[in-house]
Amino acid sequence: MKLTSADQPVISQEKSDTSTSQLASIFDQMAPHDHEQIVHYYDKATGLKAIVAIHSTALGPAMGGTRMWNYVSDAEALTDAIRLARGMTYKSAISGLNVGGGKAVLVGDPDQLKNEAYLRKFGQFIDSLNGKYVTAGDVNMTLRDLEYVRMETCHVTGLPEAIGGSGSSSLITAYGVYMGMKAAAKEAFGTDSLEGKKVAVQGVGAVGSTLVEYLVKEKAVVFVSDVSESKLQRVSREFGAHVVSLDGIYDIPADIYAPCALGATLNDDTIARLTCQVIAGGANNQLANEQRHGTMLQERDVVYAPDFLVNAGGIMAVAAEYFGMYSKEYLFQKAERIYDVCQKVLQQAAQQQTEPHRIAMKMAEDRIASISQL
Ligand code: NAD
């Protein structure tokens, strides 16, 4: 429909230019990786500012957790949502799940804003998307928070086990990382036994500490770093892990480096310092720059198990919960397959002399293309 001059909104030229450029920048961010939809939601009464980014629904409903963060700007929040949603598409596709990729971000200070009304309002927003996006927990979203969201929508997963959910996903994530690490060890050392291997685990939170437990059971020699003294003391006391400094984790002569804390720890500085032959860990977005640092690792003959492949245990759990197929036994069987997929990826990467994460992305894209045809 063409607007007549009487229909035109009365806005100043300056405002008009600003809104036009902001609109363009959102589409500019969506276009490079074909994001399907971005939805913003604001509620004055509760202070809720939410963005849902839907990257792909080719395989099923877009699925991915909700991250609450005190972003310095709305633009930063949008960029985060867009980037994370795309990552979820690849993670689910390579894991053989029938879900797509999405992510929600909540802008603001969790301590100031989060309460029942805020979370239920967010639940109403999720419900208004009619299942095109299904949420779960992520940074600053607890199981209790998700219970409030569940009061308003059934399109939420990662709920407490006591109410039929899959509960905390860190155990299964750690198991998947362990499987991926073994597959990478097989490729690098010719055996997947980790006995006697020196493993540097960065971050001993929920995922890292469970990984340490698996490693110690297999008689690996484990080094750990964390900002939390109490967590370090616990893994040192319970599993005999050797504590190293935050920065020193990159310099110890380890066979394997397992980033389980932050993203972007594989960068110009750290890759030059790491002496390991294998990298496999739970953190998301480990390569600071996908192209550049993936290539640097390949040139140094480091076997890199792609993060989105090995840390997919969490999404496996919430997808199983959503489709009513959750059981611990089923989930551990599913996470065990990370070994096979990782082995296939690493073998193809070696044959084609290319970076494993490229192979893994191509496999995910091929699956999306083939299943979309059905
Ligand atoms: P967590 O918060 O329980 O643990 C993270 C740990 O890293 C904390 O103990 C924290 O103190 C520590 N840390 C922070 N900065 C550090 C630094 N500079 N050096 C060393 N340690 C530092 O989180 P988690 O659930 O264990 O997740 C770990 C990583 O795995 C995160 O990047 C997360 O996004 C990713 N991940 C988790 C899951 C899951 O199911 N929990 C799934 C996929 C990916």
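Whatever comes next refers back to the structure up there.
Throughout what follows, the structure given in this document is the object of discussion.

## Looking at the overall build of the chain
Helix and strand counts for the chain stand at 14 helices and twelve strands. Its C-alpha atoms give the chain a radius of gyration of 22 Å, within 12% of the compact-globule value 21 Å for 374 residues. Its C-alpha atoms give the chain principal-axis dimensions of about 75 × 45 × 45 Å. For the chain, with 374 residues in total, the buried portion stands at 52%. Of the roughly 17,300 Å² of accessible surface on the chain, 50% is carried by carbon and sulfur atoms. Of the charged side chains in the chain, 34 are positive and 43 negative, and the gap between their average positions amounts to 3 Å.

## What about helix α14 (residues 356-372)?
Taking 1.5 Å of rise per residue, the 17 residues of α14 would be expected to cover 24 Å, and the 24 Å separating its terminal C-alpha atoms lies within 8% of that figure. Among the residues of α14, those classed as buried are P356, H357, I359, A360, M361, M363, A364, R367 and I368. Next to the buried residues of α14 lie α2 (74-94), α10 (290-299), β12 (303-304), α11 (307-310) and α13 (328-352).

## Side note on the sheet that holds strand β8 (residues 221-225)
Backbone-to-backbone hydrogen bonds pair the strands of a sheet. The strands run either parallel or antiparallel. With respect to topology, six strands assemble into an open sheet ordered β9-β8-β7-β10-β11-β12, the strand pairing being parallel. For this open sheet the edge positions go to β9 (242-243) and β12, each flanked by a neighbour on one side alone. In this structure, strand β11 (residues 278-279) lies alongside β12, joined through two bridges in parallel fashion. Bridge assignment links I279 to a residue of β12, and that residue is Y304.

## Some details on the nonpolar core
Judged by nonpolar contacts, the single largest core of 67 residues is most densely connected at M181, V201, L215 and V224. In terms of domain composition, this core takes at least three residues from each of domain 1 (34-86 + 102-156) and domain 2 (170-369). The residues contacting V224, other than those within four sequence positions of it, are V201, V204, V212, L232, V235, A241, H242, V243, V244 and I249. Membership of the second largest hydrophobic core comes to 22 residues, among which are V39, Y118, I126 and Y148.

## A word on α10
Taken residue by residue, α10 has H293, G294, M296 and L297 as its buried positions. Summarising the axial view, the buried residues of α10 lie within an arc of 155°, below the 170-degree limit, and thus occupy one face. The elements touched by buried residues of α10 are α9 (268-273), β11, β12 and α14. Capping the start of α10 is the job of one residue whose side-chain oxygen sits 3.1 Å from the backbone nitrogen of Q291: N289.

## Notes on the site of the ligand
Residues in contact with the ligand amount to 21 residues; listed here are only the nearest, S169, T173, A206, V207 and D226. In the environment of the ligand, an oxygen atom lies 2.7 Å from a nitrogen or oxygen atom belonging to the side chain of S169. Here an oxygen atom of the ligand sits 3.1 Å away from a polar atom, N or O, in the main chain of G282. Within the complex, 74% of the 820 Å² of free accessible area of the ligand lies under protein.

## Quick notes on the pattern of salt bridges
Taken as a whole, this structure holds 17 salt bridges when the rule is applied. Between E218 and K182 there is a salt bridge, and its shortest N-O distance comes to 3.0 Å. Of this pair, E218 sits in the loop between α7 (206-217) and β8 while K182 sits in helix α6 (residues 170-189), and the two are 36 residues apart along the sequence. For D268, the salt bridge identified is with R292, shortest N-O distance 2.9 Å. With D268 in helix α9 and R292 in helix α10, this residue pair connects regions lying 24 residues apart in the sequence. For D268, a relative accessible area of 38% gives the class partly exposed. When salt bridges with common partners are traced through the structure, they connect R67, D80, R83, K103 and D138 into a single cluster.

## A closer look at the environment of V341
Within the element layout of this structure, V341 appears in helix α13. Not counting residues within four places of it along the chain, the set of residues in contact with V341 comprises I94 and L309.

## Quick look at the pairing of strand β7 (residues 198-202)
Most of β7 is tucked away, with four of its five residues classed as buried. Alignment of β7 against β8, held across five bridges, turns out to be parallel. When the bridges of β8 are listed, V201 appears paired with V224. Between β7 and its parallel partner β8, the chain crosses via α7, and the hand of that crossover is right-handed. Pairing of β7 with strand β10 (residues 256-259), which is carried by four bridges, proceeds in the parallel orientation. Each residue of the ladder has a partner; that of V199, found in β10, is I256.

Definitions and limits used
Per chain, residue numbering runs from 1 following the sequence as it is written. Given that this is a predicted model, residues contribute local features only at a pLDDT of at least 70 and side-chain atom pairs are listed and counted only at 80 or more, while totals for whole chains, interfaces and linings are drawn from all residues. Excluding hydrogens and water, the side-chain values take into account all heavy atoms of the structure. Strands are runs of DSSP state E lasting at least 2 residues, helices are runs of H or I lasting at least 4, and numbering of each runs from the N terminus. Atoms counted for the radius of gyration: C-alpha only. Globule rule: 2.2 Å times the number of residues to the power 0.38. Only protein chains enter the accessibility calculation, which uses a 1.4 Å probe; a residue whose area is less than 20% of its type maximum is buried, one above 50% is exposed, and one in between is partly exposed. The Shrake-Rupley method, run with a 1.4 Å probe, gives the accessible areas here. Residue values count only the displayed protein chains as cover. For the purpose of counting charges, residues Lys and Arg are taken to be positive, whereas Asp and Glu are taken to be negative. His and the chain ends are not included. To locate a charge, take NZ of a lysine, CZ of an arginine, CG of an aspartate or CD of a glutamate. Take the residue count of a helix, subtract one, and multiply by 1.5 Å to get its expected span. Should any heavy atoms of two residues lie within 4.5 Å, those residues are counted as being in contact. In short, DSSP must find at least two bridges between two strands for them to pair. Side-chain atoms within 4.5 Å link the members of a nonpolar core, which is a set of buried Ala, Val, Leu, Ile, Met, Phe, Trp, Tyr and Cys residues. Segment limits for the domains were obtained from an automatic or database-derived domain assignment. For this quantity, the arc is that covered by the directions from the helix axis to the C-beta atoms. Side-chain atoms alone can form a polar contact between residues adjacent in sequence; in general such a contact is a pair of N or O atoms within 3.5 Å, and within protein one must be able to donate a hydrogen while the other accepts it. Here a residue is considered near a molecule or strand provided that any single heavy atom belonging to it is located within 4 Å of it. Each salt bridge in this description consists of a side-chain nitrogen of Lys or Arg and a carboxyl oxygen of Asp or Glu lying within 4 Å of one another. By definition, the crossover connecting two strands over a helix is right-handed if that path, from the first strand to the second, turns clockwise as seen with the strands pointing away from the viewer.

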